[in-house]
Amino acid sequence: MHRALERVAANRPHVVEIGPGGGAAVEFLAAQLTERPRPVQLTLVEAPGVMSESLAMAVDRFNTIGSCELVRGWAHDIADLLAEQVDVVSASAVLHEIYSYSGAYTGLHAMLRTLPTVIREYGYFVYRDVYAVAAASLHERVVHSYGTRAWLQFLRMFLPHYLAEGIHPYHHHDDEVVARQDSRIVPVSELDTRVCATIEAPVGIFREVQLHYLTFRDHVWRSGTAGFRPVLDGPLAGDWIDFRSGHKRVHYAVTGSQWMPTAQQANLLAVSEPFGDHHVMDGDLFDAVSDVALMAFMAAAERGDEDCARIWQAWLAREGRETYAYLTTGDLVTTVAVQSIEATAEQGTVLMPVRADDVFTRDRLYYNRFLTKRLSNPLVDAKQLCLFQNIPVRDTDTIAQALGTLRTICTKPDLARLQTAVQWRG
């Protein structure tokens, strides 16, 4: 978002952030504008009923250096929520929300066709999302093995629900999930957590399992039910021992939950150090302890423990149907471009990255360290970030520069599809 603003010439640019969450992007932009003052009009689009104390604080801070308005509505209704075209639209992980809850690919493509109509010519669409695996297709079949009890428990509880209830593209006969234990095919819902399992499935499904496991783990942590609550935001969340290897210290507070056995709490404190009003411990040790707690939590939820079952069902209702990784970087930039150029007959613009550094990924190092220690076939966990400019099709020089950038990202069939769409409109 900050990069886009540096390339916008307007004296008082209008920026829209879809799904501001806890306000991290708002805080960052406020900090940048404090160092280099510039009047910015910021509009936040958040789903009805969603609010956090940290977002409210971020809005108050931003209003000291610019203007910030919070609008309630859904991302796919963005055209109705904005009274005029804006300079920048920024969003984080919103496309998988639209895919999962607003009509799958039909809803997703409709959103992408709407975006160029709300962004001024030469304005920007800033997008951040989960990095999809670099396979020929997310339907490519691979074999992964699972030997960790917590992961086997999660597979048994989550995967049947996701495949039955989720909005996902894995419906072809070649997408069947085949699990084996002791060389025998077993239903995923009947996996024995004491026996190593080999599972054959589309690589995209394994990406879904990874990401959902991490979101579920964080959900349980935040609830405090397991007896501890790690610090997941702010400076203490980045207390690195070795940043490049993803090794860090974890700060946490003991919650006093009656669910955590006394002996387990004693073991947790024994490998920790006091730090002000909370405790801190080596991240690898914390992962080991928390995995044991998470396994016990899931087993209790399966048995019908009231607190654990309630938290599991709450997470399942919010996250269990979502599909996170459905577009690789090449697919993403191609789809955004092709759909945007078909916005309206009068629009005549296309959303494309122009510079080589407008598309890049950032590994999530801590999660990758955790996954490498738990899985035999971990998939790289990262964020992909793309900066799209709303280019008029009459500007052949900028489009040629953008196509040159995409040649390093997209496959030849994608490039042919994109060039056909541009030439047809142009």
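Residues numbered from 1 in each chain as written. Predicted model: local features only at pLDDT ≥ 70, side-chain atom pairs only at ≥ 80, totals over all residues. Heavy atoms only, no water.

(A) Focus on the overall build of the protein chain. When helices and strands are tallied, the protein chain shows 15 helices and 17 strands. Scaling as 2.2 N^0.38, a compact globule of 426 residues should have a C-alpha radius of gyration of about 22 Å, and the protein chain matches this with 23 Å. Each of the three principal axes of the protein chain carries a C-alpha extent, and together these read 70 × 55 × 40 Å. When burial is assessed residue by residue, the protein chain has 52% of its 426 residues classed as buried. For the protein chain, the proportion of contacts with a sequence separation of at least 24, taken over those separated by at least 6, is 79%. A total of about 19,000 Å² of accessible surface is found on the protein chain, and carbon and sulfur atoms cover 52% of it. Each charge class in the protein chain was averaged separately, 39 positive and 51 negative side chains, and the resulting centres sit 3 Å apart. (Helix = DSSP H or I, 4+ residues; strand = E, 2+ residues; numbered from the N terminus. Rg over C-alpha atoms; globule rule 2.2 N^0.38 Å. Buried < 20%, exposed > 50% of the residue type's maximum accessible area, 1.4 Å probe, protein only. Contact = heavy atoms within 4.5 Å. Areas by Shrake-Rupley, 256 points an atom, 1.4 Å probe, with all protein chains shown as cover. Lys, Arg positive; Asp, Glu negative; His and termini not counted. Charge placed at Lys NZ, Arg CZ, Asp CG, Glu CD.)

(B) Molecular detail of the sheet that holds strand β9 (residues 197-202). Taken together, 4 strands build an open sheet; the order of strands is β6-β9-β7-β8 and the sheet is antiparallel. Looking at the sheet topology across the chains shown, the edges are occupied by β6 (141-146) and β8 (184-186). Pairwise comparison of adjacent strand axes, ignoring direction, gives a mean angle of 30° for this sheet. Taken together, the 6 bridges between β6 and β9 define a ladder with antiparallel strand orientation. (Pairing = 2+ DSSP bridges. Axes fitted to C-alpha atoms, helices over the stretch in contact; angles between N-to-C directions.)

(C) How the structure looks around empty space enclosed by the protein. One pass over the structure, following the stated rule, counts 1 cavity of 30 Å³ or more. Taken as a whole, the largest cavity encloses approximately 60 Å³ of empty space. Leu-95, Tyr-127, Asp-129, Val-130, Tyr-324, Ala-325, Tyr-326, Leu-327, Leu-332 and Gln-384 together form the lining of the largest cavity. Per element, the largest residue contribution to the lining of the largest cavity is 3 residues, and it comes from strand β5 (residues 119-130). In terms of residue class, the lining of the largest cavity is built from 8 nonpolar, 1 polar and 1 charged. (1 Å grid on protein atoms, 1.4 Å probe; cavity = no way out; pocket = protein on both sides within 12 Å on 5 of 7 lines; lining within 4 Å. Points joined across faces, edges and corners; volume = space filled by probe spheres on them. Nonpolar A, V, L, I, M, F, W, Y, C, P; charged D, E, K, R; others polar.)

(D) Spatial organisation of the environment of Asp-80. The topology assignment puts Asp-80 in helix α4 (residues 78-81). Classification of Asp-80 by relative accessible area gives exposed; the value is 69%. When the C-alpha atoms of Asp-80 and Val-118 are compared, they prove to be 9.6 Å apart, with 38 residues separating the residues in sequence.

(E) Fine view of the nonpolar core. Counting 55 residues, the largest nonpolar core has Tyr-146, Phe-154, Phe-216, Phe-228 and Trp-312 as the members making the most contacts within it. Among the secondary structure elements, those contributing two or more residues to this core are α7 (149-165), β9, α8 (203-223), β12 (247-254), α10 (283-303), α11 (306-319) and α13 (365-374). Other than its neighbours up to four places away in sequence, Phe-154 contacts Leu-159, Val-209, His-212, Tyr-213, Phe-216, Met-298, Trp-312 and Trp-315. With 47 residues, the next largest nonpolar core counts Leu-115, Val-359, Ile-391 and Leu-415 among its residues. (Core = buried A, V, L, I, M, F, W, Y, C linked by side-chain atoms within 4.5 Å.)

(F) Here's a closer look at the confidence of the model for the protein chain. For the protein chain, the mean per-residue pLDDT works out to 90, and 100% of the residues sit at or above 70. The least confident element of the protein chain is helix α9 (residues 262-270), whose mean pLDDT is 82; the most confident is strand β7 (residues 178-181), at 98. (pLDDT = per-residue confidence, 0-100.)

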